Amino acid sequence: MGDVMGAVRAVLALALGLAVGYFWKMTRPADDLLTVAGVTIVSILILFFLLKAIGKGS
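I will try to describe carefully the structure that is included in this document. (Residues numbered from 1 in each chain as written. Predicted model: local features only at pLDDT ≥ 70, side-chain atom pairs only at ≥ 80, totals over all residues. Heavy atoms only, no water.)

Focus on the overall build of the protein chain
Counting its secondary structure elements, the protein chain contains two helices and zero strands. Here the C-alpha atoms of the protein chain give a radius of gyration of 13 Å, more than 25% beyond the 10 Å that 2.2 N^0.38 yields for 58 residues. Principal axes of the C-alpha set define a box for the protein chain whose edges measure 45 × 20 × 15 Å. Accessible surface, the protein chain: about 4,400 Å² in total, of which carbon and sulfur atoms supply 77%. (Helix = DSSP H or I, 4+ residues; strand = E, 2+ residues; numbered from the N terminus. Rg over C-alpha atoms; globule rule 2.2 N^0.38 Å. Areas by Shrake-Rupley, 256 points an atom, 1.4 Å probe, with all protein chains shown as cover.)

Shown next as structure tokens:
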């Protein structure tokens, strides 16, 4: 069960991180590709660890 939840967490973090990157590119078209890629990667990592922390409960 833990492996399935890890996969779901990874896919969800990837999808949401890509959405953040897309939103960044649409709202800040003057930024170069490296900035958008950096924001996307950092967002994916942050979202993954936040989803992991939420899954642990209180």
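What about helix α1 (residues 2–27)?
Helix length check: α1, at 26 residues, gives a terminal C-alpha distance of 37 Å against a target of 38 Å (1.5 Å per residue), a fit within 8%. All of the buried residues along α1 are Arg9, Ala13, Gly17 and Gly21. Tucked into the core, α1 has its buried residues touching α2 (33–56). (Expected span 1.5 Å × (residues − 1). Buried < 20%, exposed > 50% of the residue type's maximum accessible area, 1.4 Å probe, protein only. Contact = heavy atoms within 4.5 Å.)

Description of the packing of aromatic side chains
All told, the structure shown has one aromatic pair when counted by the stated rule. When the centroid spacing of 5.5 Å and the interplanar angle of 80° are considered together, the rings of Phe48 and Phe49 count as edge-to-face. Owing to a relative accessible area of 23%, Phe48 belongs among the partly exposed residues under this scheme. Among the residues examined, Phe49 registers a relative accessible area of 51% and is labelled exposed. (Phe/Tyr/Trp six-rings, centres within 6.5 Å; stacked < 30°, edge-to-face > 60°.)

Side note on α2
Taking 1.5 Å per residue as the helical rise, α2 with its 24 residues ought to reach 34 Å, and the 35 Å between its terminal C-alpha atoms agrees with that figure. If you check which residues of α2 are buried, you get Val36, Val39, Thr40, Ser43 and Leu47. Where α2 is buried, its residues contact α1.

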